[in-house]
Amino acid sequence: MRRPGTLTSPQFWAEDSIVFYHDQLILGWFHALLTPHAGYMCSMARLIALVSSGLPAALVPVAFNSAALALACLSCTFLFLPWYRHLIESQALRAVLCVLFAAGFVVDEMVGNVTNVQWYLALPGILLLARSPQDDETCGIPKLLGFAAGAFIIGLSSPVLIILLPICAGMLARRGLRRCVMIPCGLLLALSIQTVVMLSSPGIGGIWPIERTVLGDITVCILYRSVLPALAGQGRSQFLANNFLDASVVVFLIVAVLWTVWFWRAEKAHRLRLTITLYLAIASVAIAIVVRGKPAGFASLSGVKIWGAERFFYLASCVFGYLAARWLSRIAPNRGGAAILFSILFMGGVVADFRVPRLFDYWSQDAPAVDTWRRGMHGGRAEGIELPVNPPGWKLRLPGNVPANAGFEGANLSPWGAFGSATAGLSSALSYEGKQALELANAGGVFQDIVGLREGALYRISARVRSACGSPSFGSIWLHDTFGGNAVTDGPRQVSCDRWDEFAADFRAGSRGMLRIHLVGVTERGRLFWDDVRMVQRQ
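### Thoughts on unusual backbone geometry
1) Next: A cis geometry characterises the amide bond from Asn390 onward to Pro391, with omega recorded as -5°.
2) Next: Tracing the backbone through its elements, the reader meets Pro391 in the loop between strand 3 (385-389) and strand 4 (394-398).
3) Next: Here Ser414 and Pro415 are connected by a cis peptide whose omega angle stands at 5°.
4) Next: Among the secondary structure elements, Pro415 is positioned in the loop between strand 4 and strand 5 (417-420).
5) Next: For Asn405, which is not glycine, the phi torsion reads 50° and is therefore positive.
6) Next: Mapped onto the secondary structure, Asn405 falls in the loop between strand 4 and strand 5.
7) Next: Exposure remark for Asn405: the relative accessible area of 14% places this residue in the buried category.
8) Next: The phi dihedral of Asn486 falls on the positive side, at around 55°, and the residue is not glycine.
9) Next: In this fold, Asn486 is placed in the loop between strand 9 (473-480) and strand 10 (488-494).
10) Next: Classification of Asn486 by relative accessible area gives partly exposed; the value is 42%.

Next comes the structure, spelled out in structure tokens:
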């Protein structure tokens with residue numbers, strides 16, 4: 001309902017295709033399942049890709065979207081289970097809070113895709129820890145093992161739950177060797193694995209302060225990215241941020257302090273629970289504003305700097321909704337009245353941000369190309385393909401088992417991709433065969449991946465290269481297994497300008513059966529032309 005066409009005209013979204021579906025087709029189930037993405041494990045997304053990838057290509061997006069919707073629904077309704085009466089006693093109030101989790105907040109990127117189901121999975125990951133110890137002590141061992149296994153899978157699928165590490169450790173220290181520590185143990189094990197993966201992944205630079213003070217950044221983000229959009233919608237939140245920034249922040253800080261003081265007095269018996277709840281909201285936003293790839297920060301005391309990426313603030317919005325429900329359950333005269341007041345309080349945000357834009361239909365036209373590619377791979381000869389996916393500008397690249405566009409006679413460079421500072425394009429100025437060649441300027445080159453090679457087999461990759469006269473240019477062929485292993489090269493060496501030189505290197509395929517071909521050029525003011533890329537298996 002939120003995104004039209006999610007099931008009737010299903011489309012891939014971002015990493016659903018270019019990472020999870022792609023890796024399942026290229027790496028195989030075992031390597032794909034164990035491969036981190038963006039520095040963390042995505043086990044649930046990998047499992048969905050594993051189950052769905054065997055379907056005809058036209059049906060894969062609907063399988064992805066159906067699984068994502070089912071997991072999101074289960075996650076959003078988890079709080080309604082009777083296990084959580086100790087959190088909110090009113091069943092009606094828990095029900096409308098679950099509806100808010102599913103129908104409220106700004107979630108344009110999250111609806112109906114596997115990539116962002118991790119943000120929904122954070123809810124059951126937290127709530128499994130919030131089960132009453134008495135319920136766990138009276139629960140059967142097989143059932144508790146199932147809960148612990150579920151917590152383990154969720155921990156390997158939702159990296160934001162790394163904020164639960166101190167909570168899990170504290171629960172183990174307080175409860176000792178009792179039955180009620182099985183769920184925290186399962187989640188702690190998964191989050192420990194996530195931590196090791198994150199710390200060992202290249203490009204993880206740690207946490208750095210954002211402009212002025214992190215506390216100021218967190219305050220502005222909670223106000224304009226979590227609280228105001230939940231109450232009034234993102235549009236009104238942006239209006240206030242642009243026109244009444246200072247006044248809004250001051251009023252928010254006063255209300256937040258008064259509300260926290262009221263909670264601290266009213267929740268005397270549950271102050272630890274209140275502290276953990278506030279910690280979850282603050283910690284989730286703190287991770288958002290220092291997340292890798294956002295060095296400029298989402299916001300600072302000077303205002304909101306980046307709108308979008310609402311998924312990073314979903315958990316804080318859910319915590320705010322829970323606190324509002326808890327507050328109303330204490331001040332409302334009856335349970336039904338509390339549910340009605342809660343619905344009225346958040347109605348503005350739900351109405352403003354309920355509908356999510358429909359995705360552009362790429363897949364209905366492109367799915368047959370994937371089926372053709374798969375048949376070619378099974379038959380032993382398939383060229384790489386490049387297909388557009390949502391959001392616009394993203395592309396699914398499936399490499400073949402022979403070089404595609406090897407003579408550079410296509411309408412564009414696809415599936416070759418540029419790297420470095422090279423200016424790469426097609427040129428008819430010079431060619432070894434045909435009418436066109438690849439023209440390179442500056443330092444860098446182009447690359448293409450090849451898959452489906454036989455493990456241990458030796459392959460010779462060659463290409464012809466020539467430079468424009470007047471400025472010395474250097475070229476090389478560089479080959480490796482896409483992970484930097486089994487690397488071989490021919491060059492760099494100076495390229496002739498009066499004839500076509502041959503560059504060639506022998507590559508031995510590893511267990512993954514993958515190869516990346518780099519055509520490299522270094523020229524300051526000249527031009528380099530590559531043509532006629534060939535790959536043959538040697539005896």
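Having seen the structure, we can now continue with the description.
### Quick look at the state of the cysteines
By definition, a disulfide links two cysteine residues through a covalent bond between their sulfur atoms.
1) Next: Per the counting criterion, the structure on display carries 1 disulfide.
2) Next: Paired through a disulfide, Cys469 and Cys497 show a sulfur-sulfur distance of 2.3 Å. Judged by the sign of its S-S torsion, about 90°, the cystine formed by Cys469 and Cys497 is right-handed. Taken together, the positions of Cys469 in the loop between strand 8 (458-467) and strand 9 and Cys497 in the loop between strand 10 and strand 11 (501-508) put the pair 28 residues apart, joining distant regions of the chain.

### Quick word on the pairing of strand 8
1) Next: Across the 10 residues that make up strand 8, a large majority, 7, are buried.
2) Next: Pairing of strand 8 with strand 12 (residues 515-538) involves 9 bridges; the strand directions are antiparallel. Residue pairing across strands places Arg460 opposite Val536, the latter belonging to strand 12.

### What about the environment of Ala418?
1) Next: Here Ala418 shows up in strand 5.
2) Next: Sequence separation of Ala418 and Phe447 is 29 residues, and the distance between their C-alpha atoms is 6.4 Å.
3) Next: Once residues lying within four places of it in the same chain are set aside, the contact partners of Ala418 are Ala424, Gly445, Val446 and Phe447.

The rules behind these values
- Residues numbered from 1 in each chain as written.
- Predicted model: local features only at pLDDT ≥ 70, side-chain atom pairs only at ≥ 80, totals over all residues.
- Heavy atoms only, no water.
- Helix = DSSP H or I, 4+ residues; strand = E, 2+ residues; numbered from the N terminus.
- Buried < 20%, exposed > 50% of the residue type's maximum accessible area, 1.4 Å probe, protein only.
- Disulfide = S-S within 2.5 Å.
- Pairing = 2+ DSSP bridges.
- Contact = heavy atoms within 4.5 Å.

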